[in-house]
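Chains, contacts and geometry: an overview
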Amino acid sequence: MSDSAPLPPVRLRPEAELAHAALSTPLLSRAARLARWAGDGTRVDSGGSLVEEQLPAAAALLGLDGADAAADAAEAWRVAVDAGLVEITDEEAGTVAPGDGLALLTGSPQDVLGVWLAALETVLADASVPDLDGLVDALEEGGEIDFTSLDWDPEAEAEFLDNVLGNLYLLSASEDGPGESPVPLPALAASVIVPGDMDEPSDAVLEQVSDAMMRLDDQFRLLAPVGAVEYEPVDEALMGDAETEPAVPVDEDDIARYGMVRLTPLGVYGMRARLLEAGFEAPAVGDFADKGADVLLDGTAAFGPQAARAETERWLAEREPLAAARELLAAARGADAGAPLRRLHCQQALSLVGPEAEPALREVLDDAELGGLARVWLSERGAADVPPPTQDLVFWLTVDTIAAQLQAEGNSEELQALVEGLAAQHSGFFAAAWRVDHPATPEVLEAMGRLHPDKRVAKEARKAAFKARSQQGL
């Protein structure tokens with residue numbers, strides 16, 4: 001995933017709702033209970049972990065039992081320490097006390113979410129560590145692990161998990177993604193293993209996908225208690241014996257048995273925070289609500305239709321309709337390369353504004369750049385006394401519209417259909433279009449020549465583009 005291009009915008013839940021969800025997660029709530037329990041009699045080792053003798057009491061406090069009770073209590077304690085809920089008061093004596101971070105859990109939603117993000121980082125670090133049981137012999141003198149003997153690269157493992165979570169985030173944010181529906185674990189594993197140009201994965205690649213599924217199964221089991229994901233684990237019946245990896249499923253009806261996962265709303269929030277910290281441009285719907293119309297129109301250029309509409313509705317909700325319309329129209333002016341797309345987004349935004357905005361549209365009827373879209377808006381609402389457009393204005397608006405669609409969609413099927421329709425409806429279109437005083441006229445005519453399937457019409461468009469370039473001195 002490249003950090004040079006913005007990611008799709010996500011829709012975040014209100015911070016108060018996310019903070020409530022964070023406090024309700026099993027892991028953070030356990031960490032908070034242990035922090036309140038910590039006191040003079042609590043002892044830790046040199047690494048800050050609870051001494052083994054106190055794990056049964058910690059597990060009992062948390063109501064944990066079974067084979068994993070001590071390990072779950074130890075993990076909750078580690079989160080409490082890393083998130084600042086517990087403070088080590090004397091490293092030599094191994095004594096602790098409740099930390100300053102504990103008060104943040106009763107503070108603002110931002111305070112709570114800051115603590116939760118620290119807890120998430122601890123769990124992600126733990127998820128990148130392999131099971132060390134039985135690997136005592138791999139410890140070198142001095143107590144450090146020989147990573148080469150473990151066949152484990154900690155940086156590569158962390159990068160693998162980051163890539164998987166990044167792809168899960170993209171699926172959550174994309175308008176074409178599953179939305180709130182879970183993603184099959186095999187598909188998610190394949191998304192980071194199978195090369196994009198490989199039509200049929202080889203047996204070796206399928207084996208890597210199977211191995212990745214096993215790793216992810218363990219990792220998502222760790223991430224579920226901190227509230228980052230909802231995870232339906234791999235059916236243990238598919239595992240066979242402990243040394244056998246599950247095969248990649250081929251039956252879609254049975255695919256849920258191989259694991260299903262989705263980011264929770266809290267997980268989406270956490271992933272976006274991590275992406276922003278890593279330098280990615282990761283927008284969220286609502287980012288532009290307090291910005292100017294120029295930022296809105298430019299910023300939504302990279303949004304899908306649904307996200308752009310949601311962002312615009314947030315922006316409009318903060319303003320009076322008439323003032324909003326005037327601000328949008330002012331921001332839509334310009335002769336730069338991005339201006340046609342701004343005007344298209346302006347027209348889409350104005351479609352969400354009520355009749356109170358009519359005076360603003362009438363004010364620009366004589367404007368060379370805005371008069372066309374103003375007439376469209378007024379006519380669609382049945383307004384009286386709308387002056388008919390001149391032929392020059394019709395052609396200018398046509399060029400402006402095609403230029404905007406070229407910038408937004410490229411050579412799409414919809415644009416090709418528009419080009420064919422224009423050429424069919426107006427026999428003298430190209431003879432007049434090359435004279436249009438619009439900066440994008442040559443580019444639009446070249447695109448029409450490129451898109452039109454009729455060679456004669458395409459040639460006519462290219463000739464018109466040449467004339468337009470000559471007229472503009474290009």
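In this text, all values refer to a predicted model and were calculated from it rather than measured experimentally.

Next up on the list: the nonpolar core. Within the largest apolar cluster, 76 residues are counted, with the highest numbers of intra-cluster contacts made by L85, Y169 and F220. Ranked by the residues each element gives to this core, the list is headed by helix α6 (residues 109-127), at 9 residues. Look past the residues within four positions of L85 in its chain and what remains in contact with it is L28, A31, A32, A35, A80, P98, G99, G101, L102, L105 and V115. Counting 31 residues, the second-largest nonpolar core is a separate cluster that includes F288, A308, L329 and A360.

Another point: the packing of aromatic side chains. Tallied over the full model, the rule gives 4 aromatic pairs. Centroid distance F288 to F303: 5.9 Å. Interplanar angle 25 degrees. Geometry classified as stacked. Here F288 is found in the loop between α11 (265-277) and α12 (293-299), whereas its partner F303 is found in the loop between α12 and α13 (305-317), with 15 residues between them in sequence. Here F288 falls in the buried class, since its relative accessible area comes to 13%. The structure contains a cluster of three or more aromatic residues connected by ring pairs, namely F395, F429 and F430. Above the plane of the ring of F160 lies R215, whose end atom (NZ or CZ) is 3.9 Å from the centre.

All right, on to helix α1 (residues 15-24) then. For α1, every residue scored as buried is listed here: L18, A19 and A22. Summarising the axial view, the buried residues of α1 lie within an arc of 100 degrees, below the 170-degree limit, and thus occupy one face. Across from the buried face of α1, at angles greater than 90 degrees, the exposed residues are A16 and H20. Next to the buried residues of α1 lie α2 (26-37), α6 and α11.

Before going further, it helps to spend a moment on unusual backbone geometry. Its identity as a non-glycine residue notwithstanding, D385 has a phi of 60 degrees, on the positive side. On the secondary structure map, D385 appears in the loop between α17 (371-380) and α18 (391-409). Relative accessible area serves as the criterion here: at 72%, D385 is assigned to the exposed category.

Think of a sheet as strands paired side by side through backbone hydrogen bonds, with each pair either parallel or antiparallel. Overall, antiparallel pairing links the 3 strands, which are arranged β3-β5-β4 in an open sheet. Two strands bound the open sheet, and with one partner strand each, they are β3 (183-184) and β4 (229-232). With 2 bridges connecting them, β3 and strand β5 (residues 260-263) associate as antiparallel partners. The partner of P184 across the bridge, within β5, is M260.

Glancing now at α11. Compared with the 18 Å implied by 1.5 Å per residue over 13 residues, the 19 Å span of α11 between its first and last C-alpha is a close match. As for α11, its buried residues are in contact with α1, α6, α8 (154-173) and β5. Looking one or two places after α11, you find G279, whose phi comes out positive at around 100 degrees.

For the structure shown, the criterion picks out 23 salt bridges. R13 is the partner of E17 in a salt bridge, and the nearest nitrogen-oxygen pair spans 3.0 Å. The class for R13 is partly exposed, based on a relative accessible area of 31%. Ionic pairing is found between R215 and E157, a salt bridge with its closest N-O pair at 3.1 Å. Residue R215 is located in helix α10 (residues 203-223), and its partner E157 is located in helix α8; the two are separated by 58 residues in the primary sequence. R215 sits in the partly exposed class, given a relative accessible area of 25%. The buried category is assigned to E157, whose relative accessible area is 14%. Within the structure, one salt-bridge network assembled from shared partners comprises E121, D162 and R274.

Thresholds, definitions, all that
- Residue numbering note: each chain is counted from 1, following its sequence as written.
- Residue-level local features of this predicted model are given only where pLDDT is at least 70; pairs of side-chain atoms are given and counted only at 80 or more, and the full residue set underlies all totals for whole chains, interfaces and linings.
- The basis for every side-chain value is the complete set of non-hydrogen atoms in the structure, without hydrogens or water.
- Here, the term nonpolar core denotes a set of buried Ala, Val, Leu, Ile, Met, Phe, Trp, Tyr and Cys residues that are joined through side-chain atoms within 4.5 Å.
- We call a residue buried when its accessible area falls under 20% of the maximum for its residue type, exposed when it is over 50%, and partly exposed in between, using a 1.4 Å probe and counting protein chains only.
- Counting from the N terminus, the helices are the DSSP runs of H or I reaching at least four residues and the strands are the DSSP runs of E reaching at least two.
- The contact definition used throughout considers only heavy atoms, calling two residues in contact when any of these lie within 4.5 Å.
- When two rings of Phe, Tyr or Trp (its six-membered ring) have centres within 6.5 Å they constitute a pair, described as stacked for plane angles under 30 degrees, edge-to-face for angles over 60, and tilted for the intermediate range.
- Charge-over-ring placement is defined geometrically: NZ (Lys) or CZ (Arg) within 6 Å of the ring centre, and within 35 degrees of the ring normal.
- Directions drawn from the helix axis to the C-beta atoms are what define this arc.
- In this scheme, strands are said to pair when DSSP sees at least two bridges between them.
- Expected span of a helix, by definition, is 1.5 Å for each gap between consecutive residues, and there is one gap fewer than residues.
- A pair is scored as a salt bridge if a Lys or Arg side-chain nitrogen falls within 4 Å of a carboxyl oxygen belonging to Asp or Glu.

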